[in-house]
Amino acid sequence: MTSVEETTDDNPAGSGPSGYAAARLRLLQEESRSGPSRRSALAALTDDWLKSLFATAVRETGVRGAALVAVGGYGRAELSPRSDLDLVLLHDGKAEPRALAALADRLWYPVWDLGLALDHSVRTPGEARKTAAEDLKVHLGLLDARPVAGDVGLLAGLRTSVLADWRNHAAKRLPQLHSLCLERAERVGELRFLLEPDLKEARGGLRDVTALRAVAASWLADAPREGLADARRRLLDARDALHLVTGRATERLSLQEQTPVAAQLGLLDADALLREVYEAARVVSYAGDVTWREVGRVLRARASRPRLRGLLGTRGAAPERAPLAEGVVESDGEAVLALAARPDRDPVLPLRFGAAAAQAGLPVSLHAVRRLAAQAKPLPVPWPAEAREQLITLLGAGEPTVAVWEALEAEGIITKLLPDWERVRCRPQRNPVHTWTVDRHLVETAVRASELTRRVGRPDLLLMAALLHDIGKGWPGDHSVAGETIARDVAARVGFDAGDVAVLGVLVRHHLLLIDTATRRDLDDPATVKAVAEAVGSPGTLEVLHALTEADALATGPAAWSAWRGSLVADLVARVAAVLRGATPAVTELEIPTTEQERLAVEALRTGEPVLALHARQEEDAVGVELVVAVPDQTGVLPAVAGVLALHRLTVRAAELRSLELPDRLGEVLVLRWRVAAEYGSLPQAARLRTDLVRALDGSLDVPAKLADREAAYPRRRGVVPPPPRVAVVPEVSSLATVLEVRAPDAVGLLHRIGRVLESAGVRVRSAHVSTLGANAVDTLYVTTVDGKPLDPADAAALATSVESALT
């Protein structure tokens, strides 16, 4: 089958398939023609070609009383380069079946011969109406029906009846349509938060725009029009560019296509493309929320209206208005402005309105929000105390905060109150660990922080820090550093005093300090705890930072927090709190073993071989099992254990290594604690792991060769080439060892390869801390010379280079 883009015939459009194909190709290649102009031109060109086909087919078959009708996207004249042609052949039922079939064949086969996708049917108007009554999707397609060729009267009658049916049965059809939208959103996800969004099917995509058009056609409700047409155009433009770049009828904006699609649209880069798409999806999603809420309100009102009142023609009483706050009332299930409210004289009203709605768990009236956006008087700087308190109340309301905040943001109120918000609005986050865009993540963090306010003495600082902790992501450089400056400015603007401004600056600057230190540093090293204490400064700040750390991780995604990570952070906080109270961090050269570790270590010393134990983790959010390995101190332990785990397809989620010296016993034992999960299938038996570990240590099992064979047999597919590994020496974080930090794509045998380089360099691993987030690994290793001293700076730099080279 010949595709349209491969045809180069120069015959004029309409004289045959080749002429249409050539004209179509020229149209798609016109750089000056894009967007709505190109889509309508492509539809018109296709109309002309199909009219020619239809006229020829009618002459050859002798069929009368027929019409060719475009439905769906083609009916709306929205043809993207690879769009399907949705066509219905209407007929009056008088033609012979054989002649009608011949007419259809003469229409459908030329389309197929050009490689165009075709959705087609042959029906009488009565059959089409009956099918629409039984199939919601058919009904939706017919709402956009448009004549292409033939008897226009056939379609005119059908359109009238189909629209009448849609309006007459809106009470039944619209809930069905809403259910379809909800099911699709659950299945595909929300477009504005997906790194590889489906422009059509995801929530906020083109399907939802079509659904809003259908709601408007019911005359029951209408979507907010402001910005909706532009959002639809931007989504269609992105789909056009995607079709041109890929040459396929795809709706999924995959990572590898985003840069060329951005270039096709004249945008700066892939991030600019995603932000544009997210902005459009936000508008569509918000319009959908408002519209479906209005549909529900109208249908409930219809269902609850007393029949007698309708028969007598009496007017119903006005909805009750229950007060929520000064100038804010509840009416008909929404937060609205009181009749006496004066936004032009009450600058705090937008915040009081949002706080009252969120606290009551109510949606906000679209009319009220728009009135506030148009009439509200600007707040003085710094804000009065009431404004600051209302902002904190809004942030502390929990889950209802999200919908209220997004409604205020959609009408521009948030950026008027907090101008720095514009930089993070709809900003994508490329790290797959993140579930949300930057702006939504900040609001979600505040929601999570609201659940932790009972743990801190200053819940207002916790909620404000939650809202601002990533505010620097809209600026170049380290977002924590940039964010500190912005957070201080915003805090002063909002009206916090100088002391609170300083604390908020510290919280934003160091919002990653606890989680990074707890998972990547040796907490038994007094320099680690001392550095954190110096950065935090006070017990009160530490308390808030602890809660902020948990809220931030919980709002990031499931991979960012677990009971294990929480326990590490809590341990660090306890140590830092002791130092801030005046205690001196103790120098702990060797960890005091637990009872189980002592038992395993004794057994390892007695047998001279490795001993291990597997434990299922009890926490609900834990992944995998805990593996504890005790081995008499010798060379090659780290790469051997890591290699054996990789051979058994065990993914290392986290690891710690300690050298233990047991009281009253000769010799040292290495104790390794691993948190592992099976790549697929079930976990291997402990006996098998031990057998392979013994063989790996005595050299009878060639781990590198086995791993290489496995990689060759099952190469890992990668959609996008990851950035190269980076290995750095982290200065001034330990007085006992040299600290290497390895950042690399998570891969089979990664820790094994690192361990081999360290062994060949003749250094000793004092402790290792492995952290895996999504597809990325951050491994921190505390290494010393053989006699237990930190490495010379030159030797440390050379070692880092060697590890990086081995991983590259």
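Read on for a plain summary of the structure. For every chain, the first residue of the written sequence is number 1, and numbering continues from 1 along that sequence. Local features in a predicted model are, by the rule used here, given only for residues with pLDDT of at least 70; side-chain atom pairs are given and counted only at 80 or more, and totals for whole chains, interfaces and linings are based on all residues. The basis for every side-chain value is the complete set of non-hydrogen atoms in the structure, without hydrogens or water.

## Notes on the overall build of the protein
Convention followed: Secondary structure elements follow DSSP: runs of H or I of four or more residues count as helices, runs of E of two or more count as strands, with numbering from the N terminus. For the exposure calls, accessible area comes from a 1.4 Å probe over protein chains only, and a residue counts as buried if that area is under 20% of its type's maximum, exposed if over 50%, partly exposed in between. Every residue pair with non-hydrogen atoms within 4.5 Å of one another is taken to be in contact. Exposure was quantified through the Shrake-Rupley algorithm and a 1.4 Å probe, taking into account, for residues, occlusion by the shown protein chains and nothing else. For the purpose of charge, His is not counted, nor are the chain termini; Lys and Arg are scored as positive and Asp and Glu as negative. Charge positions come from single atoms, namely NZ of Lys, CZ of Arg, CG of Asp or CD of Glu.
Within the protein one finds 33 helices and 15 strands. If you line up the protein on its principal axes, its C-alpha atoms span 105 × 70 × 50 Å. With 808 residues in all, the protein has 53% of them scored as buried. Within the protein, contacts between residues at least 6 apart in sequence are counted, and of these 69% link residues at least 24 apart. When the accessible area of the protein is evaluated, it comes to approximately 35900 Å², of which 51% is carbon and sulfur surface. Taking the average location of the 98 positive side-chain charges in the protein and that of its 107 negative ones, the two points are 6 Å from each other.

## Section: the layout of surface pockets
The criterion, for reference: A 1.4 Å probe that fits but cannot get out identifies a cavity on a 1 Å grid over protein atoms alone, an open set with protein on both sides within 12 Å along at least five of seven lines counts as a pocket, and a residue lines either if it has an atom within 4 Å of a point. Grid points are joined across faces, edges and corners, and a volume is the space filled by probe spheres set on the points.
The calculated volume of the second largest pocket comes to roughly 1100 Å³. Lining of the second largest pocket is provided by 42 residues; of these, G72, D86, K137, K200 and R207 occupy positions nearest its centre. Elements with a contribution of two residues or more to the lining of the second largest pocket: α3 (72-75), β2 (85-91), β3 (118-123), α6 (136-143), α8 (170-188), α9 (206-217) and α10 (228-246). Residue contributions to the lining of the second largest pocket peak at six residues, all from α8.

## Let's talk about empty space enclosed by the protein
For clarity, the threshold we go by: Each residue receives one of three labels: charged for Asp, Glu, Lys and Arg, nonpolar for Ala, Val, Leu, Ile, Met, Phe, Trp, Tyr, Cys and Pro, and polar for the others, Gly being one of them.
Applying the stated criterion across every chain yields a total of five cavities of 30 Å³ or more. Its boundaries defined by the atoms lining it, the second largest cavity holds a volume of some 60 Å³. For the lining of the second largest cavity, the secondary structure elements donating two or more residues are α17 (400-410) and α20 (438-450). Looking at which element gives the most residues to the lining of the second largest cavity, the answer is α17, with four residues. Residues of the lining of the second largest cavity, tallied by class, amount to four nonpolar, no polar and five charged.

## Quick notes on the pattern of salt bridges
Here is the rule we go by: The rule for a salt bridge is simple: a side-chain nitrogen of Lys or Arg has to be within 4 Å of a carboxyl oxygen of Asp or Glu.
Following the criterion strictly, the structure yields 52 salt bridges and no others. With a shortest N-O distance of 3.0 Å, R213 and D144 are connected by a salt bridge. Of this pair, R213 sits in helix α9 while D144 is found in the loop between α6 and β4 (146-150), placing the two residues 69 residues apart along the sequence. What makes R213 partly exposed here is its relative accessible area of 38%. For D144, a relative accessible area of 12% puts it in the buried group. Each of E190, R192, R203, D289, E406, R440 and E444 takes part in a single network of salt bridges with overlapping partners.

## Some points on the pairing of strand β6 (residues 328-331)
Our working definition: For two strands to count as paired, DSSP must find a minimum of two bridges between them.
Sheet analysis places strand β5 (residues 321-325) next to β6, joined by four bridges and oriented antiparallel. From the neighbouring strand, R321 faces β6, where its bridge partner is S331. Across four bridges, the pairing between β6 and strand β7 (residues 334-337) is antiparallel. Each residue of the ladder has a partner; that of E330, found in β7, is A335. Following β6, the chain reverses through two residues before pairing antiparallel with β7; D332 in that reversal takes a positive phi of roughly 55°.

## Section: α9
Convention followed: By this rule the span expected of a helix is its residue count minus one, scaled by 1.5 Å.
Between the first and last C-alpha of α9 there are 17 Å, a value that for twelve residues agrees with the 16 Å anticipated at 1.5 Å per step. Burial within α9 is extensive, with nine of its twelve residues counted as buried. Every buried residue of α9 is listed here: L206, D208, V209, A211, L212, A214, V215, A216 and A217. On its buried face, α9 is in contact with α6, α7 (152-168), α8, α10 and α12 (270-304). Immediately downstream of α9, the backbone of W219 shows phi near 65°, a positive value.

## With respect to the sheet that holds β4
Put simply, the rule reads: Axis definition: a line fitted to C-alpha atoms, over the contacting stretch in the case of helices. Angles run 0 to 180 degrees between N-to-C directions.
Judged by pairing direction, the sheet is mixed, and its four strands sit side by side in the order β3-β2-β1-β4 without closing on themselves. The strands lining the two open edges of the sheet, one partner per strand, are β3 and β4. Strand-to-strand twist across the sheet, computed as the mean angle between neighbouring axes with direction ignored, equals 25°. As judged from the six bridges shared by β2 and β3, these two strands associate in the parallel manner. Bridge pairing links V88 to S121 in β3. Lying on the sheet, helix α2 (residues 35-61) is in contact with β1 (66-70), β2 and β4; it crosses β4 at an angle near 35°. Packing against the sheet, α7 makes contact with β1, β2 and β4, and its axis sits at approximately 100° to β2.

## Side note on the sheet that holds β6
Two pairing modes exist for strands in a sheet, parallel and antiparallel, and in both the strands are linked by backbone hydrogen bonds. Taking strand neighbours across the sheet as the criterion, the three strands line up as β5-β6-β7 in an open arrangement whose pairing is antiparallel. Of all the strands in the sheet, just β5 and β7 have a single pairing partner and so form its edges. Pairwise comparison of adjacent strand axes, ignoring direction, gives a mean angle of 40° for this sheet. Its contacts with the sheet place helix α14 (residues 349-360) against β5, β6 and β7, and it is angled at close to 160° to β7.

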